[in-house]
Structure formats: C-alpha cells, structure tokens
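Residue-level listing of the chains:
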Amino acid sequence: MNKVDIWFLSIVLLLAAGGFLIFLSASFGLLAREEGARMSSIIFNQIFLGLLPGLALLFVCSRINYKVWKKYSFYIFFLSIAVTLFVFVPGVGLKLNGASRWILVGPLSFQPAELLKLGLVLYLAAWFSGVRFKVHTFAYGLIPLFIFLSIVGFILLKQPDTGTLVVMLAASIGIFFLSGARVRDIIALFTVAVVTLAALAFTRPYVKERILTYINPLGDIQGAGWQIGQSFIAVGSGGLLGRGFGHGIQKFTYLPEPIGDSIFAVAAEEFGLVGALAIVSLFVFFALRGFHIANRAPDYFSRLTVIGIVILIVGQAFLNIGSMLGIFPLTGVPLPFISHGGTALLFTLIGSGIILNISRYTRA
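Residue indices follow the written sequence of each chain, beginning from 1 at its first position. Residue-level local features of this predicted model are given only where pLDDT is at least 70; pairs of side-chain atoms are given and counted only at 80 or more, and the full residue set underlies all totals for whole chains, interfaces and linings. Side-chain calculation: all heavy atoms of the structure are included, whereas hydrogens and water are not.

### A word on unusual backbone geometry
To be explicit about the condition: Going along the chain from the N terminus, every DSSP run of H or I of four or more residues is numbered as a helix, and every run of E of two or more is numbered as a strand.
Residue Pro-160 follows Gln-159 across a cis peptide bond; omega there is -10 degrees. Mapped onto the secondary structure, Pro-160 falls in the loop between α6 (138-158) and α7 (162-178). Although it is not a glycine, Glu-257 sits at a positive phi angle of roughly 50 degrees. Its place among the elements puts Glu-257 in the loop between α11 (250-253) and α12 (263-295). Located in the positive-phi region is Phe-337, a residue other than glycine, with phi close to 75 degrees. Position of Phe-337 among the secondary structure elements: in the loop between α13 (300-324) and α14 (342-359).

Have a look at this one:
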C-alpha cells in the first residue's frame with residue numbers, strides 16, 4: 001500500500017484552509033444584518049460541525065479500505081434515502097424559505113441531501129462495476145439508472161432542491177458514460193433531463209423566474225435580478241487585486257446570502273481577479289488530480305467512485321461560480337469547501353478522504 005497522493009491532499013487542504021478564511025470574512029457581513037450571537041453560532045457550527053470533524057473523517061476515510069464502501073454501498077444508499085425522507089416529517093424536518101431540506105437533531109440541523117449525493121455515487125459505482133459487461137443493455141444499464149434517478153429526483157424536487165439534483169445528475173451521467181454506456185443511452189438520458197427541466201419551468205414559478213433572470217439578468221434589477229446584479233457589482237469592483245481581506249462592501253448590505261451561494265462574489269470583490277482565478281484554478285487542479293487518480297485506480301469500482309465524487313464537488317463548484325457570473329442560472333447550491341454549511345463541508349471532506357484512500361492503491 002502506497003502513501004496518499006500528496007498533491008491531491010495539498011489541494012484539499014488549501015481549499016479547506018482558504019475556504020474558511022473567505023467564509024470568515026464573508027461572515028462579517030452578517031454583523032450589519034444579524035445579532036452578534038447569531039454570527040458566533042454560525043462560525044462555531046462551521047468550525048466544530050464541519051471543518052474539524054470533516055478533517056478528522058478525511059483522515060479516517062483515507063485509512064479505510066475503499067472496498068468497504070462497495071460492500072456496504074446498497075445499505076448506505078438505502079439509508080441515505082430513508083434519512084432524506086425525514087425532511088418531510090413534521091417536528092423533525094425543518095422548513096426554511098419554503099424549502100424542506102433539513103432535519104433537526106437536537107439543537108443542530110443536518111442536510112441529508114449531502115449524504116444522499118455520496119450514497120448515490122457509491123451505489124452507482126458498485127452497480128455498474130458489477131454489471132460491467134452488461135451496461136450497454138437496457139436491463140442492466142439505462143433502466144436501473146433511470147429508476148435510481150427517479151427515486152432521488154422525486155425526493156429532491158419535492159423539497160425542492162433543483163440545484164442538488166442537477167449536480168447529482170451530472171455525476172450519474174459521468175459514471176454511466178465511463179462504465180461503457182452507449183452514446184444513444186446518454187443522449188436519451190440527457191433528453192429526459194432537459195424535458196424535465198422545461199416542465200419544471202412551466203409548472204414551478206421560481207424555476208421559470210430564474211431562467212428568465214438568466215436570459216435577462218438586469219431586467220428586474222430590484223426584484224428577481226437583485227442577487228445577480230449585486231454579484232456583478234461585487235465581482236467588477238474587485239478589479240485585479242481586490243479591496244483586501246475583510247474590506248468588501250457588498251456583503252454588508254446589498255449581496256444576498258454572502259456566506260451561502262453568493263460567497264464567490266465576496267471573494268472576487270476582496271481578492272480581485274487574481275483571487276477569483278486562484279479559486280477556479282484550485283478546483284481545476286482538484287479535478288485533474290482526481291482524474292489522474294481515477295486513471296490509475298486499481299479496479300473499476302474505485303475508478304467510477306473517484307470520477308463520481310470529483311464531478312459532484314467540481315461540478316457543484318463551477319455551477320455555483322458560473323451562476324454568480326451569469327454563465328448559468330441561479331441554483332442556490334453552495335460553493336464546496338467555502339460556503340456556509342457544516343453538513344456540506346463534512347461530506348465534501350469525507351468524499352475527498354475516500355479518494356485519498358483509493359490513491360494508496362493506484363498503479364505505478
């Protein structure tokens with residue numbers, strides 16, 4: 001058994017450390033909106049429910065033989081579905097801003113969709129590695145995948161959490177394609193996804209509103225276009241080198257969700273184009289090194305697992321960044337390693353730990 005991939009580990013630690021500093025600066029914006037105790041609670045949760053246990057589990061998962069995840073993948077996936085359904089149970093599920101995405105565990109909140117993302121990737125990797133030579137058939141390829149995604153999609157759209165569903169769909173298609181699926185099956189799956197999104201745009205006003213805002217971001221600058229408009233201002237005012245750490249202006253009053261899905265705009269304002277490119281580069285390096293590990297992975301399951309986790313993390317990162325730059329519609333997904341959310345940070349580090357363990361067994 002080899003040592004973990006030091007390059008991948010370094011990238012993960014840089015993202016975690018740099019992400020926390022950006023989060024800390026963005027949190028100062030809450031002082032103008034929230035009580036001090038509220039801000040202290042958010043920072044406390046990010047550190048002691050996300051960063052520190054996440055780093056501990058990163059180390060633990062880097063030591064657990066990756067084959068264990070294959071052995072228990074079905075049970076993990078089943079458990080993740082069951083836990084996610086608890087968001088709809090009165091008294092257990094927590095509803096905020098019209099979305100049921102959290103469950104209460106005592107005084108703490110937990111977002112089970114993060115567990116569901118990892119559970120789906122592990123089970124798909126186990127399934128397609130087990131039916132490796134039958135993936136091109138409907139019975140073992142497209143139909144099972146469609147069933148798995150239908151279950152997950154129903155739960156997430158019921159919450160609703162369209163952004164997370166898009167990320168999971170991207171990871172699933174990536175795993176399916178690399179497992180040997182036929183191109184026509186990929187096209188069929190993609191077509192169903194597009195038709196579903198179109199149907200959501202007609203049946204759910206908030207989806208339609210986001211698409212219209214994407215087409216004309218400044219059409220309703222005081223309403224639906226407020227967030228993207230303020231993001232443009234924050235990114236543009238950062239210039240080349242930014243205003244400096246903690247000196248951003250938009251986070252205090254104007255920019256919605258400065259510690260959430262708008263955090264990249266905060267970073268761009270304070271660290272400028274150089275800082276923004278540094279963040280993007282780290283996620284690119286994360287992907288490239290992850291794909292390098294996948295290419296040298298010891299077996300099919302480990303290869304598909306790495307690919308799935310990398311797409312989950314990097315795909316979500318670029319979806320978040322792209323939405324702040326007007327490249328994609330606003331989705332509300334957080335920026336991995338950086339945005340507020342102890343559960344998201346915890347499972348991002350767990351996924352990275354699984355990749356690190358697989359790197360121990362890579363071929364020379």
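Moving on, there is more to tell.
### Some points on the packing of aromatic side chains
We apply this condition: We call Phe, Tyr and Trp rings a pair once their centres come within 6.5 Å, taking the six-membered ring for Trp, and we label the pair stacked below 30 degrees between planes, edge-to-face above 60, and tilted otherwise. Relative accessibility thresholds used throughout: buried, under 20% of the residue-type maximum; exposed, over 50%; partly exposed, between the two (1.4 Å probe, protein chains only).
If you walk through the whole model with that rule in mind, you get 18 aromatic pairs. Pairing Phe-77 with Phe-148 gives two aromatic rings, centres 6.2 Å apart and planes at 80 degrees, and the pair type is edge-to-face. Within this pair, whereas Phe-77 is found in helix α4 (residues 73-85), its partner Phe-148 is found in helix α6, the two being separated by 71 residues in sequence. For the pair shown, Phe-77 and Phe-148 are each scored as buried.

### Considerations on the environment of Met-324
Our working definition: Contacts were defined at the residue level, with two residues in contact if any of their heavy atoms lie within 4.5 Å.
Within the element layout of this structure, Met-324 appears in helix α13. Exposure remark for Met-324: the relative accessible area of 0% places this residue in the buried category. For the pair Met-324 and Gly-290, spaced 34 residues apart in sequence, the C-alpha separation works out to 25 Å. In contact with Met-324, not counting residues within four places along its chain, are Gln-227, Ile-228, Ser-231, Phe-232, Asp-261, Ser-262, Phe-264, Ala-265 and Leu-330.

### With respect to the sheet that holds strand β1 (residues 93-96)
Filter applied, for reference: Note on pairing: two strands pair once DSSP finds at least 2 bridges between them. Interaxial angle, 0 to 180 degrees, is taken between N-to-C directions of lines fitted to C-alpha atoms, where a helix line uses only the stretch in contact.
Sheet architecture is open: 3 strands sit in the order β1-β2-β3, paired in antiparallel fashion. The open sheet terminates on both sides in strands that have one partner only, identified here as β1 and β3 (108-110). Geometrically, the sheet is characterised by an average inter-axis angle of 45 degrees between neighbouring strands, direction not taken into account. Bridge analysis of strand β2 (residues 99-105) against β3 gives 3 bridges, and the strand direction is antiparallel. Bridge pairing in β3 places Ile-103 opposite Phe-110.

### Re the nonpolar core
Short version of the rule: Here, the term nonpolar core denotes a set of buried Ala, Val, Leu, Ile, Met, Phe, Trp, Tyr and Cys residues that are joined through side-chain atoms within 4.5 Å.
Among the nonpolar cores identified, the biggest contains 102 residues, and Phe-128, Phe-176, Phe-286 and Phe-337 are the most heavily contacted of them. For this core, the element with the highest residue contribution is α13, accounting for 15 residues. For Phe-128, the residues in contact, after removing those within four places along its chain, are Val-135, Tyr-140, Gly-141, Leu-145, Ile-175, Phe-176, Ser-179, Tyr-300 and Leu-304.

### A word on the pairing of β2
Each regular strand carries side chains that alternate between the two faces of the sheet. Here β1 runs beside β2; their pairing, made up of 4 bridges, is antiparallel. Counterpart to Lys-95 in the pairing with β2 is Ser-100. Between the end of β1 and the start of β2, which pair antiparallel, lie 2 residues, with Asn-97 showing a positive phi angle near 55 degrees. Two successive antiparallel strands, β2 and β3, enclose a turn made up of 2 residues, where Gly-106 displays a positive phi of approximately 65 degrees.

### Re helix α10 (residues 226-237)
Test applied: A helix is expected to reach a length of 1.5 Å times the quantity of its residues less one.
Between the first and last C-alpha of α10 there are 16 Å, a value that for 12 residues agrees with the 16 Å anticipated at 1.5 Å per step. Elements in contact with the buried residues of α10: α9 (205-215), α11, α12 and α13. Where α10 ends, the next residue or the one after it, Gly-239, has phi of about 60 degrees, a positive value.

### Thoughts on the pattern of salt bridges
Where charged atoms from two side chains of opposite charge come close, those side chains can pair. Which entries qualify depends on this criterion: A side-chain nitrogen of Lys or Arg and a carboxyl oxygen of Asp or Glu constitute a salt bridge if their distance falls within 4 Å.
The full count for this structure, using the stated rule, is 5 salt bridges. Two residues, Asp-185 and Arg-182, come together in a salt bridge whose shortest N-O distance is 3.1 Å. Ionic pairing is found between Arg-243 and Glu-269, a salt bridge with its closest N-O pair at 2.9 Å. Within this pair, whereas Arg-243 is found in the loop between α10 and α11, its partner Glu-269 is found in helix α12, the two being separated by 26 residues in sequence.

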